[in-house]
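Coordinate analysis (summary)
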Amino acid sequence: MGDNNDYENVYGLCPSWALSLGYMGVASGAVLSNWGSAWGTWKSGVSLLNTGIRHPGSVMKNVIPIVMAGVIGIYGLIIAVILAGNIPSPQVGTNVNVYSIYTGMAHLCAGLCCGLSGLAAGGCIGIIGDYGVRSVGYRTSNISVIFSTADKTSGGFEGDE
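Residues numbered from 1 in each chain as written. Predicted model: local features only at pLDDT ≥ 70, side-chain atom pairs only at ≥ 80, totals over all residues. Heavy atoms only, no water.

**Section: the overall build of the protein**
Our working definition: Secondary structure elements follow DSSP: runs of H or I of four or more residues count as helices, runs of E of two or more count as strands, with numbering from the N terminus. Working definition: with a 1.4 Å probe on protein chains only, accessible area under 20% of the residue-type maximum means buried, over 50% means exposed, and in between means partly exposed. By definition, residues are in contact when any of their heavy atoms lie within 4.5 Å. All accessible-area figures derive from a Shrake-Rupley calculation using a 1.4 Å probe, and residue coverage is judged against the displayed protein chains alone.
Helix and strand counts for the protein come out as 4 helices and 0 strands. Listed by position from the N terminus, the elements making up the protein come as α-α-α-α. The buried share of the protein, reckoned over its 161 residues, is 34%. Pairs at least 24 residues apart make up 85% of the contacts formed inside the protein by residues separated by at least 6 positions. Summed over its atoms, the accessible surface of the protein is roughly 10400 Å², and 68% of this surface lies on carbon and sulfur atoms.

**Let's talk about the state of the cysteines**
Put simply, the rule reads: Any two cysteine sulfur atoms within 2.5 Å of one another count as a disulfide.
The final tally for this structure, using the stated rule, is 0 disulfides. In this structure Cys-109 is a free cysteine whose sulfur lies 8.7 Å from that of Cys-113, the closest cysteine sulfur available. We classify Cys-109 as partly exposed; its relative accessible area is 47%. Looking at Cys-114, it has no disulfide partner, and the nearest cysteine sulfur is the one in Cys-113, 7.3 Å off. Of the residues examined, Cys-114 reaches a relative accessible area of 14% and is grouped as buried.

Just distances and angles here, no functional claims.
In structure tokens form, the structure reads like this:
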């Protein structure tokens, strides 16, 4: 009876559902990072298209936020591959799982950390890239955001005459 109790104490921490925690971490790392990458690419790409219609010469220097957003998705895939490689399969023939709840929760938290930070980083790259690309387009077209009523020949000040 002591052998059976020891078996339950040791392998009770390694239930079969612990594997699903690890694979949820793998999936969340890959999916959320790529979602952030797609969001950042979309947000920056729309402003790049708008600016490229008006100023085709400025397209290549404004493609940097789109490339940066794409790299975020690659980071998520790398973390997902690393986490999936660390999840062992149950031992064949013995029906014994060696993957513990602790390791499953660690992999879930690692995947969520990578995925949520990739989602946030992709959104930030998209929003900042959108404003950056549009500002380059405004600067290229000499559109002033602040409208001035001063005469251009006097240097911009009404008191200069």
